[in-house]
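Close look at the chain arrangement
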Amino acid sequence: MTEVAQLLVNGLVAGTILAVPAIGFTAIYAVLRFPNFTVASHATIGAFAGYVANTAAGFPAGAAVGVAFLVAGVSGVITDEVVLKPLRPSGALTAAIAAVALTIALENVIRFIWGNDLRGYDLPLRRDWQGAGLRIGPQQVENLVIAVVAMGALFLFLAFTRTGKAMRAVADNPTLAGIKGINAEMVARLVNFVGMGLAGIGGMLLGLDTSIDPLTGFRVILSVFAAAVVGGLGSIPGAVVGALAIGVAEELSLLSLAPAYRTAVGFVAILLVLTVRPRGILGERAF
Amino acid sequence: MATFAGLYALLALGLNLVWGMTGMINLGLVGFYAFGAYVSALLTKKAGWPMPAGLLAAMLLTAGAGVLMALVTARLRGDYLAIITLGFSEVVRIVASNEIWLTNGSDGISGIPGPWRGQVSPATFNLIFLVIVSAAVLVVFAALQRVRHSPYGRVLRAIRDDDQVAAVAGKPVIAFKVEAFAVSAAVLGLAGALYGHYTSYIAPEGFVPLISIYIVLALTAGGTGNNVGAVVGAFLVVFFLESTRFLTGGLPGLKPVQVAAVREFLIGASLIVVLRFRPYGLVPERIPRHATPGAG
Amino acid sequence: MTEHTSDISRRTLLAGSAALAAAAWAPRRTGAQGVPIRLGTLTPLTGAGGAYGPSMRKAMEWVAGEVNGAGGVLGRKIELMSEDDQTNPEAAVRAARKLIDVDKVAAIMGTWASAVTTAVAPLCWESKTFLTTVSGSDTITQLPHLGYLVRTQPNTQLQIGKLGEFILSLKFKRVFVLAAQTPFAAPSQKRLSEILPKGGSELVGGVIYDKDKTTFRSEIDQALRAKPDLIYLNGYTPDTTVVLKELFKAGYTGAKIAQGYAVNQKLLDSVPAEVTDGTYTATPSPAVDSAGYKRLAKFLGAADLDPYSCQCHDHASLVILAIAKAKGEATGTAIKDNVRKISQGGGGKVDNAVEGLKLLAQGKEINYEGASGPCDFTETGDIIDCKIRFDVAEKGAFKPVKLL
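Bear in mind the structure is a predicted one, so any value in this text is a computation, not a measurement.

Structural notes on the overall build of chain A
Looking only at helices and strands, chain A has 11 helices and two strands in total. Starting at the N terminus and ending at the C terminus, chain A contains elements arranged as α-α-α-α-β-β-α-α-α-α-α-α-α. In summary, chain A has a C-alpha radius of gyration of 18 Å against a globular reference of 19 Å for 287 residues, a match within 12%. Once the C-alpha set of chain A is aligned to its principal axes, its extents read approximately 60 × 45 × 35 Å. Contacts spanning at least 24 positions in sequence make up 79% of the contacts within chain A whose residues lie at least 6 apart. Accessible area for chain A stands at about 10,600 Å²; split by element, carbon and sulfur atoms hold 68% of it. On chain A, the mean spot of the 18 positive side-chain charges and the mean spot of the 15 negative ones are 9 Å from each other.

Below, the structure is given as structure tokens:
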């Protein structure tokens, strides 16, 4: 029984961390209407930006996460302007393929600079906290807190600031938003910045407890997509719910499957949802 | 190198059938490539089957896998299909890595028999294999060209351009899609099986999504919807890959991993450039309809 | 197409294709006077074995240099074609094909990882190229290699036998194995499970993991549930580093034992001492008292040589002496037929190739004893015995414990 409890604990932590890039992914989908695979490479970019901040400039984890957000966000805006925006008129499929190609290109820039070796952040190695037959790492808890803080900040931004509300308007109804004078292009840039920035935070959080390499983002993209789809593409609360569901499901799968099959869980989840309830848990609507 | 171009040409022809002609993107084609390779390798090495039987089995079983995949994904929108099929190829790779009892896991399968390998000099073996692959390409090309010019091909194109209209016109769209997928998968599986017999060694990490992107690039650059374009594109891509090796060979002090990174970067960048500036490819489809695969 | 190895400094692609075309119908260089003898080296210059590859290659280059300086083999110079196997079977297969198809080497020397050797071996025996390796997996000499393979590393049977003996001598009762997937993972576990009960201990479980992951939390949970007092880490440096760190975080306070090529000084330097303290390591011991070892140590400028460089030194020497014994016929088949004639049996003991060549030229018999050991091979290509050295990591450095 403690085994199941331990898996639940791990799953909730993993799910909360997964929610961060999932929100980014779903937000971009809500405004730009295509699944942006480049979230994968931006998770990696964020992870490495944080790594440089941490190991070369000595930033502590919290500050390094901020660096991850900024670098990934800026990269997201630039690559979108240069590569993906000109292709959007050609349709969602072309944009999706271009995003895959872009992810590969960006991943290899990272690989060129840092090679394929695993790298760890420069953080003190601390023993897990044990109690009631369960164990949880201090780093896991810290990651949890960072994830919750990031999501909280996002919710506040969307609910209470003018730009946030503008973003929601464009996602909900682009034509009406245009009539009301909201600049859709600026909103698109903004959502790319925020979305990819969140992906960057997600990538770093994944690596803080373990290690990072150029494939960090790619490994998690299927789970991110699954979280967004399960929760309902385009819905931010949906992404959070979906991420928790996927996180827990992946951990529970360890009861009967080898650890390597965790990605398969996300894959199966996507198929199930798309066949049975394509709108996902919270439906395909905007924020 | 020409042999690899031939293998990639087979893959491109296979992709063209489902994507160029039927409008279903399959970014997971490397999964079928791997599937065919493993089937033939295991049957010829562990069960001692002769190579032609291995090839045939690879084609049939991969076609079966294709049917399964098509049934599950037939109704999906283009961009969802792209990511799902990508996920599928990753799942295939994970299964190959994990089920050590069957596939020998990440150690891979070595010593896959090849036609007369060990009995002739390596150079002669390479030549013999080149002939085999070229023959395969010609046969598949001819067959697919016939499909293209047939009424069957017209139905596929109709489905590609607007499958709702095709359904209204009374065509069993799902059945056609599944069939096209199955045949495409068979071609992909054949290419995989040939690959294994040629290199004598296969492993899960050789079947990465990047290869699917090579083939998408080949098709996009060569001309979607178009078998000649597929083959031309494949040769272009292989030539491109070889010349990047040439270029980076000239840059001193680069480690192998950096050379590989440059090559992969250029592939990603090329696909983006082609999508942007020449989405119809070099050999445009000679049918009076717009040739880009149905935007979602 | 995935990446090609790129030691391309001397061959551009065009030259390579032209050579391939021209050489395709040219006979292999066998006995022609003055034509260089081509031998291939395939070592892990990068990847998990990257700590050893460069030095392995240097050892072979040194032997070739010494031999060429003394006039070569019957007037023919040795030419080494070197490739990087990247500790990766795919890359190794491509590199081996280049060495065999394009460079037409008579032998390939130095493959390190067992998975690499397993992938490359069929290419070698099918093309009648001789393969010398430092890989240990039992499965390798069990391959149908027709005699085209010898190895200077003790095989799994031998290694695990001594490992088990050591574990029993330290009185550990419950052993768990955490192994990376390699050709020797399953055989090692099996052998250990047979040896331990003979001394009253038990193998309480084992897990084989895919080494290309960033975390092994579930595998470690599984290990800890079995409550072992000793965990055997049977992986390579990158994954073992992660496992050690996670064992520490999980609060494991029992003992650990690993192979010396995985837990080496590089690993000790990369993690805090408290993570590695108390980890035992097992390393095959080269013939440290031999003149060959001492001379090699002097050339490489290291007091303590890794076993692989010593073995590679012997690979090059054995191959060169075998070719000389075959009156200069530089083919894999000639090496296969002659290697045991110069490596064992009654004959003047020599410890370096130059002296051996001199004696062979005088028509005398020789018995090469190398820097890694006596180099006496069985019919299947294994060495007969080897000493294993056991150390323990303490405060970031190794201390010797036992020699078995």
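Examining the pairing of strand β6 (residues 174-180) of chain C
Residue and element names in this part refer to chain C. Across the seven residues that make up β6, a large majority, six, are buried. Inspection of the sheet shows β6 paired to strand β7 (residues 202-209) by seven bridges, in the parallel sense. Across the sheet, residue Ala180 finds its bridge partner in β7, namely Tyr209. Viewed along the sheet, the connection from β6 through helix α7 (residues 185-195) into β7 turns out right-handed. Of the strand pairs in this sheet, β6 and strand β8 (residues 230-234) are connected by five bridges, and their pairing is parallel. Bridge pairing in β8 places Leu178 opposite Leu233.

Regarding the pattern of salt bridges
Residue and element names in this part refer to chain C. Evaluation of the coordinates by the stated rule reveals 34 salt bridges over all chains. The salt bridge partner of Asp385 is Lys162, with a shortest N-O separation of 3.5 Å. In this pair, Asp385 is assigned in the loop between β12 (366-368) and β13 (387-394) and Lys162 in helix α6 (residues 156-169), connecting sequence segments 223 residues apart. Note on Asp385: relative accessible area 48%, which makes it partly exposed. Classification of Lys162 as buried rests on a relative accessible area of 13%.

Examining the interface of chain B and chain A
Residue-level contacts link 43 residues of chain B with 41 residues of chain A. For the pair chain B and chain A, the summed buried area comes to about 3,500 Å², and 81% of that belongs to carbon and sulfur atoms. Per-residue buried area on chain B facing chain A is highest for Tyr80(B), Ile83(B) and Ile272(B); these three make up 19% of the total on that side. For the pair chain B and chain A, the number of links is one salt bridge. The partner of Arg111(A) in a salt bridge is Glu264(B), and the shortest N-O contact between them spans 3.4 Å. The interface formed by chain B and chain A holds four residue pairs in polar contact (both at pLDDT 80 or more) in total. Within the residue set of the side of chain B that touches chain A, elements represented by two or more residues are α3 (51-73), α4 (78-98), α10 (209-222) and α12 (256-277) of chain B. Within the side of chain B that touches chain A, the residues separate by chemical class into 29 nonpolar, eight polar and six charged.

Here we look at helix α12 (residues 291-300) of chain C
It helps to recall that an α-helix has 3.6 residues per turn; residues three or four apart then point in one direction. Residues and elements named next belong to chain C. Taken as a whole, α12 has its buried residues at Gly292, Tyr293, Leu296, Ala297 and Leu300. Seen along its axis, α12 keeps its buried residues to an arc of 130°; they face one direction. Buried residues along α12 sit in contact with α2 (53-69) and α13 (307-325). Looking one or two residues beyond α12, the residue adopting positive phi is Gly301, at roughly 70°.

Quick notes on the environment of Lys45(B)
Residues and elements named next belong to chain B. Following the sequence through the fold, Lys45 ends up in helix α2 (residues 29-45). Owing to a relative accessible area of 41%, Lys45 belongs among the partly exposed residues under this scheme. In the structure, Lys45 is positioned 134 residues away from Glu179 in sequence and 30 Å away in space, judged by C-alpha atoms. With near-sequence residues (within four places) excluded, Lys45 lies in contact with Ile109, Ser110, Gly111 and Pro113. For Lys45, the side chain forms a polar contact with the main-chain oxygen of Ser110, separated by 2.7 Å.

Some points on the packing of helix α7 (residues 151-161) of chain B against helix α9 (residues 173-199) of chain B
A pair of packed helices is characterised by two quantities: the angle between their axes and the separation of those axes. All names here are of chain B. At a closest axis distance of 11 Å, the pairing of α7 and α9 adopts a crossing angle of 110°. When the axes of α7 and α9 are compared, the pair comes out roughly perpendicular. Residues Tyr152, Val155, Leu156 and Ile159 of α7 touch α9, and the partners they reach there are Val173, Phe176, Lys177, Glu179 and Ala180.

Focus on empty space enclosed by the protein
Unfilled space is identified by rolling a water-sized probe across the atoms. Scanning the model with the defined rule gives four cavities of 30 Å³ or more in all. Taken as a whole, the largest cavity spans an internal volume of roughly 180 Å³. Contributing elements (two or more residues each) for the lining of the largest cavity: α6 and β8 of chain C. At three residues, α6(C) tops the list of elements feeding residues into the lining of the largest cavity. In this model, the second largest cavity occupies a volume close to 130 Å³. Along the walls of the second largest cavity sit Arg117(B), Gly118(B), Val120(B), Ser121(B), Pro122(B), Phe125(B), Arg97(C), Ile100(C), Asp101(C), Leu123(C), Glu126(C) and Ser127(C), which together make up its complete lining.

A few points about the interface of chain C and chain A
Where interface size is given, it is often the accessible area lost as the parts come together that is meant. In this complex, chain C contributes 20 residues to the contact, which on the side of chain A involves 17 residues. Here chain C and chain A share an interface that buries about 1,700 Å² over both sides, 49% of which is from carbon and sulfur atoms. The largest per-residue losses of area from chain C upon contact with chain A belong to Thr214(C), Arg217(C) and Lys249(C), which jointly make up 39% of the total buried on that side. The interface formed by chain C and chain A holds four salt bridges in total. Across the pair Glu3(A) and Arg225(C) runs a salt bridge whose closest N-O atoms are separated by 4.0 Å.

With respect to a nonpolar patch on the surface
Residues Leu8(A), Leu252(A) and Leu255(A) make up a contiguous nonpolar surface patch of about 230 Å² in total accessible area. Turning to its location among the elements, Leu8(A) is positioned in helix α1 (residues 2-32).

Quick word on the sheet that holds strand β10 (residues 279-285) of chain C
Backbone hydrogen bonds are what pair the strands of a sheet, in a parallel or an antiparallel way. All names here are of chain C. The strand order β7-β6-β8-β9-β10-β13-β14 describes an open sheet built from seven strands, whose pairing is mixed. The sheet is open, and its two edges are formed by β7 and β14 (397-403), each paired on a single side. Each neighbouring strand pair of the sheet contributes to a mean axis angle of 25°, computed without reference to strand direction. Pairing between strand β9 (residues 255-259) and β10: four bridges, direction parallel. What sits directly across from Ile257, in β10, is Tyr280. Contacting β6, β7 and β8, α7 crosses the sheet at an angle of about 175° to β7.

Parameters at a glance
- Residues numbered from 1 in each chain as written.
- Chains lettered and ligands numbered in written order.
- Predicted model: local features only at pLDDT ≥ 70, side-chain atom pairs only at ≥ 80, totals over all residues.
- Heavy atoms only, no water.
- Helix = DSSP H or I, 4+ residues; strand = E, 2+ residues; numbered from the N terminus.
- Rg over C-alpha atoms; globule rule 2.2 N^0.38 Å.
- Contact = heavy atoms within 4.5 Å.
- Areas by Shrake-Rupley, 256 points an atom, 1.4 Å probe, with all protein chains shown as cover.
- Lys, Arg positive; Asp, Glu negative; His and termini not counted.
- Charge placed at Lys NZ, Arg CZ, Asp CG, Glu CD.
- Buried < 20%, exposed > 50% of the residue type's maximum accessible area, 1.4 Å probe, protein only.
- Pairing = 2+ DSSP bridges.
- Right-handed = clockwise from strand over helix to strand, strands pointing away.
- Salt bridge = Lys/Arg side-chain N within 4 Å of Asp/Glu carboxyl O.
- Buried area = accessible area lost by both parts, 1.4 Å probe.
- Polar contact = N/O pair within 3.5 Å; in protein donor to acceptor, adjacent residues only side chain to side chain.
- Nonpolar A, V, L, I, M, F, W, Y, C, P; charged D, E, K, R; others polar.
- Arc of directions from axis to C-beta.
- Axes fitted to C-alpha atoms, helices over the stretch in contact; angles between N-to-C directions.
- Parallel < 35°, antiparallel > 145°, perpendicular 65-115°, else oblique.
- 1 Å grid on protein atoms, 1.4 Å probe; cavity = no way out; pocket = protein on both sides within 12 Å on 5 of 7 lines; lining within 4 Å.
- Points joined across faces, edges and corners; volume = space filled by probe spheres on them.
- Patch = residues over 30% accessible without salt bridge, like charges linked within 9 Å, V, L, I, M, F, W, Y side chains within 5 Å.

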